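In case you want the letters, here they are:
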Amino acid sequence: MIPVFSVAQVRTVEKAEISRRGSEELMKQAAAAVSDAAVQLLHGEPGKNIVGLIGPGNNGGDGLYALANLARQGHNATAVLLSEKSHAPALEELRTAGGTITTAADAPQAASGADLVIDAIYGLGYRPGAKLPTVPRGVPVLAMDVPSGLDAATGAADDAALPAVRTVTFGALKEGLLTGDGPLLTGELSLVTLDFDFSAQSPMAWLVDPEAAGQLLDEHRSWRDAARHKYQRGVLGLIAGSDRYPGAAQLTARAALNAGVGLLRSHMPDKVQAYMAASAPEAVPLGDQEVAEALSQSRRHLHGRGAKISAWAIGPGLDPSGQPSEVIGKVFSSRQPAVIDASGLEIVPAGPSEQPRVLTPHAKELRMLLRRAGITVTAQDIAEEPQKWTRWAALSYNAVVLLKGPTNYIVEPGGKTLVVCHTSPKLATAGSGDVLTGILGTLLSDSSLTGVQGTALVSNQRLLELTACAAVIHGEVGRVAAEDSTVCATRLIEVLPRVMARFGF
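None of these values were measured; they are calculated from a predicted model. (Residues numbered from 1 in each chain as written. Predicted model: local features only at pLDDT ≥ 70, side-chain atom pairs only at ≥ 80, totals over all residues. Heavy atoms only, no water.)

## Some points on the overall build of the protein chain
Reasoning step 1: Helix and strand counts for the protein chain come out as 20 helices and 19 strands.
Reasoning step 2: Computed over C-alpha atoms, the radius of gyration of the protein chain comes to 26 Å, within 12% of the 23 Å expected from 2.2 N^0.38 for 505 residues, which places it in the range of a compact globule.
Reasoning step 3: The proportion of buried residues among the 505 residues of the protein chain is 55%.
Reasoning step 4: Partitioning the intrachain contacts of the protein chain with sequence separation of at least 6 by distance along the chain shows that 67% fall at a separation of at least 24.
Reasoning step 5: Total accessible area computed for the protein chain in this model is approximately 20800 Å², and 51% of it derives from carbon and sulfur atoms.
Reasoning step 6: Taking the average place of the 44 positive charges on the side chains of the protein chain and the average place of its 50 negative ones, the gap between the two points comes to 6 Å. (Helix = DSSP H or I, 4+ residues; strand = E, 2+ residues; numbered from the N terminus. Rg over C-alpha atoms; globule rule 2.2 N^0.38 Å. Buried < 20%, exposed > 50% of the residue type's maximum accessible area, 1.4 Å probe, protein only. Contact = heavy atoms within 4.5 Å. Areas by Shrake-Rupley, 256 points an atom, 1.4 Å probe, with all protein chains shown as cover. Lys, Arg positive; Asp, Glu negative; His and termini not counted. Charge placed at Lys NZ, Arg CZ, Asp CG, Glu CD.)

As C-alpha cells, this is what we get:
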C-alpha cells in the first residue's frame, strides 16, 4: 500500500530535503523520471516533437531539465516559457542540448504540432483561477507532479485544467490527486519518491492498487486450499430482492457465483426465488427456519441441514417501503460478517454491535446514514471532505464504511483509511453496486481470506483490507469490460471470472 499525505506534509518534507540535498539535485532526479516517462509514452520512437509548457517555479525548472534530457536523445524539444521568469541553469542546459525556446505567444502553434506536451507549469504552486494555455484535443499531456488546474490539496479543478494521460508525481502521493476531480485528470499515476524521508509524518490514508490488493488477498492463503470443499470455501447468505425490485438480487447472486463463492444461500420472496432459479440455479433457497438454524449452528460451529453461513450480503433490491423483517434483525444480532448495501443501509442499526459489518453507501446514502445517526451534513460537505464524513459514519455505526465513487474511501471506526481509485466512468451504471456487493460478500465468506476460523470475529482491520480488495477487483472489472464494449452490470458479471483469476481465484 502506498501512503498518501496532505500538501502541507509534503511541503514540510520537501523543504527539509532541499535544505539537506539542494534543489538542483532533486530537480534533475525528477527530470530524469519524467524524460523516461516521455520516452515510454512515445514507445521509444526517435525524433518526436516534444513541447514543454514551462512555468516560473521549480516545476518549470524540472520541465526544462527534462526537455534537455530529451533533446540529447534526439527529440525535437521545445520549451514554451509562460512567464518572464524561468530557472536560469535549466534554461541554459536546454540551450546547450540543442532545444528550442519560445514564448507564450507561440504556445498554440507549438502545441498543435506536438507528439507530446509536458505540463510543467505550476505543480503544487497552482492557485485557482490562474490562466492556463490550451492543448489541442488529441495531443497527449504528461504532467509533472500535479496536472495544472488541479488543487493538490482539495482535488478541485478549474474547467480549463489540463487532463493528462500520465502524471509523474514526486516525493509522495498528495491527497488531491486521489479525490474530487483528481483521478479524472491524472491519467496513469506514478510516484517517484526521490528518497524523501516521511518517517516523521503520519499518512492521511493508504492507496491500495492491484499489486497491493494481491498481496493482501494472499496474506492467509495456503497451498492446502486446493483441497477445500464448497463449505470450506465459504457460504454466503444473501438477503435481497423484492417483488418490486427482483433484478438487484439476481445481479448480486450472479456476481457472487462468478467471483467463486463456495455456496450461495438466498433468502428472498417466493416470486424472486423463482426468477433466481432461472438466472442463478446454483443458489440454494434459504427459508426463515433455515436462517435461524444457520445462525444457531454458526454460534456452535456446527454443520447441518441449514449449512453454517460464513458471511451475509444484505440489501440489494429490498423494498424500502417495507418493514425490516425478523430474519434481518436476527442476522444483525449475529457475529457473522456482513456487507450491507442499498436498502439495507436504511435499516441497519447505528451504535455498538458484535457483528463485523461493512456498509457500502454512495454519497447520497452516506448523507442518509449520517442523518439517521443525528449528524446533519450537506452534499457539498461530503464532496469537499469525503474522508472526514466517511469516518464519522464508521464511528456512528461501529462499522467499516466504503464510500463509493471514482475514488473509494474505506474507513474503519479507529480512523484508518484506505483509498481505491478507478477512473472508468462506465462503472457508473445501474447494478454496478450490486456486483460489488457480490464480490465483497464472497471475500468475507472465505476463511482463507479473513484468516478467521470457527466463531472468532473478523477484525475491523481485516474487514478494511478485504473491502479495499473488493473495490480494486470491481474497478479492474470495469476497466476490462470497458476496453472493447459499452458496460452494464451484466457485462461486468461476464468479465468477473477472468479478473478474479488474475487475483488467484
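## Some words on the pattern of salt bridges
Reasoning step 1: Applying the stated criterion across every chain, the model contains 21 salt bridges.
Reasoning step 2: Between Asp145 and Lys174 there is a salt bridge whose closest N-O contact spans 2.6 Å. With Asp145 in the loop between β6 (141-144) and β7 (166-170) and Lys174 in strand β8 (residues 173-174), this residue pair connects regions lying 29 residues apart in the sequence. Lys174 matches Asp145 in its accessibility class, with the two residues each being buried. (Salt bridge = Lys/Arg side-chain N within 4 Å of Asp/Glu carboxyl O.)

## Comments concerning the environment of Val139
Reasoning step 1: Within the secondary structure, Val139 is located in the loop between β5 (116-120) and β6.
Reasoning step 2: Linking Val139 and Leu70, residues 69 residues apart in sequence, is a C-alpha distance of 18 Å.
Reasoning step 3: Discounting chain neighbours no more than four positions away, the residues touching Val139 are Ala111, Ala114 and Val117.

## Comments concerning empty space enclosed by the protein
Reasoning step 1: By the definition in use, this model includes one cavity of 30 Å³ or more.
Reasoning step 2: Its boundaries defined by the atoms lining it, the largest cavity holds a volume of some 50 Å³.
Reasoning step 3: Taken together, Val4, Glu175, Leu178, Met204, Ala205, Gln387, Tyr409 and Val419 make up the lining of the largest cavity.
Reasoning step 4: Mapped onto the domain boundaries, the lining of the largest cavity takes at least three residues apiece from domain 1 (21-204) and domain 2 (211-503). (1 Å grid on protein atoms, 1.4 Å probe; cavity = no way out; pocket = protein on both sides within 12 Å on 5 of 7 lines; lining within 4 Å. Points joined across faces, edges and corners; volume = space filled by probe spheres on them. Domains from an automatic or database assignment.)

## Overview of the nonpolar core
Proteins that are soluble and globular tend to have nonpolar side chains buried together.
Reasoning step 1: Core analysis: the biggest nonpolar cluster contains 89 residues, and Trp312, Ile314 and Leu359 have the highest contact counts within it.
Reasoning step 2: Per-element accounting of this core gives the leading share, eight residues, to helix α2 (residues 23-41).
Reasoning step 3: In terms of domain composition, this core takes at least three residues from each of domain 1 (21-204) and domain 2 (211-503).
Reasoning step 4: Discounting chain neighbours no more than four positions away, the residues touching Ile314 are Ile239, Ile328, Val331, Phe332, Ala338, Val339, Ile340, Asp341 and Gly344.
Reasoning step 5: Of all hydrophobic cores here, the second largest spans 62 residues; its members include Val208, Leu236, Leu251 and Ala259. (Core = buried A, V, L, I, M, F, W, Y, C linked by side-chain atoms within 4.5 Å.)

## Considering helix α4 (residues 88-97)
Structurally, the α-helix is built with 3.6 residues per turn, so residues lying three or four positions apart point the same way.
Reasoning step 1: Within α4, the full set of buried residues consists of Ala90, Leu91, Leu94 and Ala97. Looking down the long axis of α4, one finds its buried residues gathered within 125 degrees of arc, a one-sided arrangement. Exposed and oriented more than 90 degrees from the buried face of α4 are Ala88 and Thr96.
Reasoning step 2: Each element contacted by the buried residues of α4 is listed here: α3 (58-72), β3 (76-81) and β4 (100-103).
Reasoning step 3: Following α4 by one or two positions, Gly98 has its phi on the positive side, about 95 degrees. (Arc of directions from axis to C-beta.)

## Remarks on the UniProt feature "binding site: (6S)-NADPHX" (unreviewed entry) in the protein chain
Reasoning step 1: UniProt marks Ala248, Gly317, His362 and Asp434 with the feature "binding site: (6S)-NADPHX" (unreviewed entry), using the numbering shown here. Of the annotated positions named here, the largest pocket is lined by Ala248, Gly317, His362 and Asp434.
Reasoning step 2: Tracing the backbone through its elements, the reader meets Ala248 in helix α10 (residues 246-259).
Reasoning step 3: Here Ala248 falls in the buried class, since its relative accessible area comes to 15%.
Reasoning step 4: Among residues more than four places away in sequence, those in contact with Ala248 are Pro316, Gly317 and Asp434.
Reasoning step 5: In this fold, Asp434 is placed in helix α17 (residues 432-445).
Reasoning step 6: In this structure Asp434 comes out as buried when scored by relative accessible area, which is 11%.
Reasoning step 7: Apart from residues lying up to four places away in sequence, Asp434 is in contact with Ala248, Leu251, Thr252, Pro316 and Asp341. (UniProt positions renumbered as here; feature names shortened; annotations may be inferred.)

## Description of the confidence of the model for the protein chain
Reasoning step 1: Mean pLDDT over the protein chain stands at 91; residues scoring 70 or higher make up 96%.
Reasoning step 2: Scored below 50 in pLDDT, residues 300-306 makes 18 contacts in the model with residues more than four places away or belonging to other chains. (pLDDT = per-residue confidence, 0-100.)

## Digging into the sheet that holds β5
Reasoning step 1: Ordered by their spatial adjacency, seven strands build an open sheet running β4-β3-β2-β5-β6-β7-β9, and the pairing between neighbours is parallel. Looking along the sheet, the strands with just one partner apiece sit at the ends: β4 and β9 (188-192). Taking each pair of neighbouring strands and ignoring which way they run, the sheet shows an average axis angle of 20 degrees.
Reasoning step 2: For β6 and β7, the ladder comprises three bridges, and the chain directions are parallel. Bridge pairing in β7 places Met144 opposite Val168.
Reasoning step 3: Here α2 sits on the sheet in contact with β5, β6, β7 and β9, set at roughly 165 degrees to β7. (Pairing = 2+ DSSP bridges. Axes fitted to C-alpha atoms, helices over the stretch in contact; angles between N-to-C directions.)

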